[in-house]
Amino acid sequence: MQKTAEKKKQVSGIEVAKTIGNWIGGKEIAASSGATFDKRSPHDGSLLFSVARSTVADVNAAVDAAVKAQSAWAAMPAVQRGLVLHHVCNALEARQKELATIVASETGKSPKEAFGEAGGAIALGRFFAGEGQRLYGRTTTSGAPDKYAMTVRQPCGVAGLIIAANTPIANTAWKVFPALICGNSAVLKAAEDTPGTSWLFAKIAHEAGLPPGVLNVIQGYGTECGAPLVEDARIDVVSFTGSTKVGKWVGEACGKTLKKMSLELGGKNPLIVTDDADLDEAAKWVCLSAFSNAGQRCAAGSRIIVFDKVYDAFRDRLVVAAKALKVGPTDNDDFGPVINERQLNAMLAAIEQATKEGARLLIGGQRLTDSERAQGFYLAPTLLENVDAVADISRHELFGPIACLYRVRNYDEALALANDSPYGLTACIHTTSVDRGFDFAHKVRSGVAVINAGTFGSEPHMPFGGLGQSGNGSREPGTEALDVYSELKDIYIQVRPKKL
Ligand code: NAD
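Keep in mind that what you see is a predicted model, and the values were worked out from it rather than measured. (Residues numbered from 1 in each chain as written. Predicted model: local features only at pLDDT ≥ 70, side-chain atom pairs only at ≥ 80, totals over all residues. Heavy atoms only, no water.)

Let's talk about the site of the ligand
- In the neighbourhood of the ligand, 25 residues make up the surrounding shell, with K189, E192, S243, L265 and E397 lying closest.
- In this structure, a nitrogen atom belonging to the ligand sits 3.3 Å away from a main-chain N or O atom of A227.
- Interatomic distance of 3.3 Å between a side-chain N/O atom of Q343 and an oxygen atom of the ligand.
- Protein burial of the ligand: of its 850 Å² of free accessible surface, 88% is covered by the chains.
- Where the shell around the ligand is concerned, the elements lending two or more residues are α7 (222-231), β13 (237-241) and α8 (244-256).
- In terms of residues, the shell around the ligand owes the most to one element, α7, which gives 3 residues. (Near = heavy atom within 4 Å. Polar contact = N/O pair within 3.5 Å; in protein donor to acceptor, adjacent residues only side chain to side chain. Areas by Shrake-Rupley, 256 points an atom, 1.4 Å probe, with all protein chains shown as cover. Helix = DSSP H or I, 4+ residues; strand = E, 2+ residues; numbered from the N terminus.)

See the structure below:
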């Protein structure tokens, strides 16, 4: 295999390899075919990197390295593995600004937001590094005399990790830290839209003392190197974050060999505004839920369900708040571009289709083409009303800064509409009534329920995941992620008093 080009270039002040390679066995390596693809800036379409375009041969090499490294890593006491991961977290923290710069360049989000995302990834890393001192099993009773029963956690083996690009450093950390603390080695398939972030993470981890081969990163397209990773017989557990469509394929492929898997998929999340809500607060939270990160969040609020009694007053406030949002890549902007032109075009087509079917565009709906943003992949914040609950735009995730308003008569109708979705990831209600808030939290079909804030994901120490088309029932992160990345073993000990 050839080494990647030595030539370096600057991206937003960081010196990176002009070609971003795979990270295999502690070394940066080009794709065995020598092929590359272009990674462009979502802000202005300029070329950021050439990226290794991996195929099955590269996946084989990465899995070879992971298999070779796994037993020594697993043999290291979990407390020691935790110490290594603490060193990795310290190194990530020391280079947080650099990480944030690469995240911002690749995604188009603001440096401040990217810095915050990197901080969240480090917090998650520290949580799992600390798990090295716990990794609790159970000790329990036995039905037989002088017999003792316990469970211990053991690694699965080699983890195949596949991630989406929306929050690249968080997504990388979300999978890598729990996989490694449990004693697995890992092959991470980076998102093709954010190759540099996973590459830099692996490089920093390596320099901080993570043994070669424990974490390997493969660059490339899903069908060309993601699929072979899922299908590799030496992969013991697959954790996938991405679309429901690809997740279903991953589920089928894993099902064929009964491979353990965790699927973290899409959402079409409801946010209810009741007639006793603080409407200004609700408008603020709807803007954050629908538009932050350009709506590229599985947890984004895209179905805004409003009581008839306050519908007009709320809509007017929301339109004013959304019109005031600034779209661009700086810290003074509210959100940036979407990740690539293909996704932008799919969003524009969905909006056009909805309006043809009778939806009324309140604001947005178009690409931003002023001189500062014309070369980038910018969509104006978009709000629609008069949308049918069974229309495509109500049922399918768009993963962009687009939300629809629905008018309902009362709480029962609002709850029924919230639950009328193939997905079930996050949900939120704005109300000053404790009764409504708690009733909603219990009855809404979702993995996360929020009262009086936004549709957001979970904190690093809390489990996240969804129902229906949002996943397969697994939960990551939190201690629940340990169930994904470890196998439980029962151990029984029979004490023989006669032998004493
Ligand atoms: P995607 O499914 O197209 O791609 C996700 C990843 O899967 C990428 O790395 C891609 O290369 C890879 N992939 C594609 N085809 C593959 C195949 N056949 N085999 C193996 N890997 C393959 O998703 P996307 O559009 O990049 O990401 C957005 C989606 O991710 C949205 O649906 C969003 O809701 C979801 N998401 C979910 C969560 C969560 O925690 N539930 C978090 C973030 C994003």
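Quick notes on the nonpolar core
- With 127 residues, the main nonpolar core has F177, L210, V273, I304, F314 and L383 as its most contacted residues.
- Formed jointly, this core draws a minimum of three residues from each of two domains, domain 1 (2-265 + 474-487) and domain 2 (269-451).
- F177 has contacts with L85, V88, C89, L92, A121, L124, G125, F128 and F201, leaving out every residue within four places of it along the chain. (Core = buried A, V, L, I, M, F, W, Y, C linked by side-chain atoms within 4.5 Å. Buried < 20%, exposed > 50% of the residue type's maximum accessible area, 1.4 Å probe, protein only. Domains from an automatic or database assignment. Contact = heavy atoms within 4.5 Å.)

Some thoughts on the confidence of the model for the protein
- Here the protein shows a mean pLDDT of 95. Residues at 70 or above account for 97%.
- A low-confidence stretch, residues 1-7 stays under pLDDT 50, and its non-local contacts, those more than four residues away or across chains, total 22 contacts. (pLDDT = per-residue confidence, 0-100.)

Let's talk about the packing of aromatic side chains
- One pass over the full model with this rule turns up 6 aromatic pairs.
- Geometrically, the ring pair formed by F37 and Y221 is tilted, given 4.7 Å between the ring centres and 35° between the ring planes. A residue pair is termed long-range when its members are at least 10 positions apart, and F37 in strand β6 (residues 36-40) and Y221 in the loop between β12 (215-218) and α7 qualify at 184 residues.
- We classify Y221 as partly exposed; its relative accessible area is 28%.
- An angle of 85° between the planes, with centres 5.9 Å apart, marks the rings of W174 and F464 as edge-to-face. Remark: F464 occurs in the loop between β22 (448-451) and β23 (467-468) and W174 occurs in helix α5 (residues 168-181); sequence separation between them is 290 residues.
- Exposure remark for W174: the relative accessible area of 17% places this residue in the buried category.
- Note on F464: relative accessible area 4%, which makes it buried.
- Seen from the ring of Y492, K147 lies directly overhead, with NZ or CZ sitting 4.6 Å from the centre.
- Between R407 and the ring centre of Y311, over which it is positioned, the NZ or CZ distance is 4.0 Å. (Phe/Tyr/Trp six-rings, centres within 6.5 Å; stacked < 30°, edge-to-face > 60°. Lys NZ or Arg CZ within 6 Å of the ring centre and 35° of its normal.)

Brief notes about the environment of V217
- Residue placement: V217 occurs in strand β12.
- Sequence spacing of V217 and K203 is 14 residues, and the spatial spacing of their C-alpha atoms is 9.8 Å.

With respect to a nonpolar patch on the surface
- Together, Y148, I491, I493 and V495 make up an exposed nonpolar region whose accessible area comes to about 320 Å².
- With respect to the secondary-structure elements, V495 resides in the segment after β24 (486-494). (Patch = residues over 30% accessible without salt bridge, like charges linked within 9 Å, V, L, I, M, F, W, Y side chains within 5 Å. Salt bridge = Lys/Arg side-chain N within 4 Å of Asp/Glu carboxyl O.)

Examining the domain arrangement of the protein
- When the domains of the protein are assigned, the result is domain 1 (2-265 + 474-487) and domain 2 (269-451).
- Spacing between the C-alpha centres of domain 1 and domain 2 amounts to 31 Å.
- Contact residues are listed per partner, giving 20 residues for domain 1 and 23 residues for domain 2.
- Both sides of the domain 1 and domain 2 interface together cover about 1600 Å² of buried area, and 50% of this is carbon and sulfur. (Buried area = accessible area lost by both parts, 1.4 Å probe.)

Focus on the sheet that holds strand β9 (residues 147-155)
- What the 3 strands build is an open sheet, ordered β8-β9-β24; its pairing is antiparallel. What marks the edges here is a single partner per strand, and that holds for β8 (139-140) and β24. (Pairing = 2+ DSSP bridges.)

Overview of the packing of α5 against helix α6 (residues 195-207)
- At a closest axis distance of 9 Å, the pairing of α5 and α6 adopts a crossing angle of 45°. The angle between α5 and α6 falls in the class oblique. For the pair α5 and α6, the sense of crossing is right-handed. Across the interface between the two elements, P168, I169, T172, A173, V176 and F177 from α5 touch T197, S198 and F201 from α6. (Axes fitted to C-alpha atoms, helices over the stretch in contact; angles between N-to-C directions. Parallel < 35°, antiparallel > 145°, perpendicular 65-115°, else oblique. Left-handed = near helix turned anticlockwise from the far one by under 90°.)

Things to note about the pattern of salt bridges
- Tallied over the full model, the rule gives 30 salt bridges.
- The closest approach of N and O atoms between R315 and D316, which form a salt bridge, is 3.7 Å.
- According to the relative accessible area criterion, R315 is buried, its value standing at 15%.
- With a relative accessible area of 43%, D316 lands in the partly exposed category.

Focus: unusual backbone geometry
- E476 connects to P477 through a cis peptide bond whose omega is -10°.
- Looking at the element boundaries, P477 is found in the loop between β23 and α15 (481-485).
- A positive phi angle, close to 60°, is found at D146, a residue other than glycine.
- On the basis of relative accessible area, D146 is assigned to the partly exposed category, the value being 38%.

Concerning the environment of V237
- Looking at the secondary structure, you find V237 in strand β13.
- A C-alpha to C-alpha distance of 7.6 Å links V237 and G157, two positions 80 residues apart in sequence.
- Setting aside its immediate chain neighbours within four residues, V237 contacts C156, V158, A159, G160, K260, V484 and Y485.

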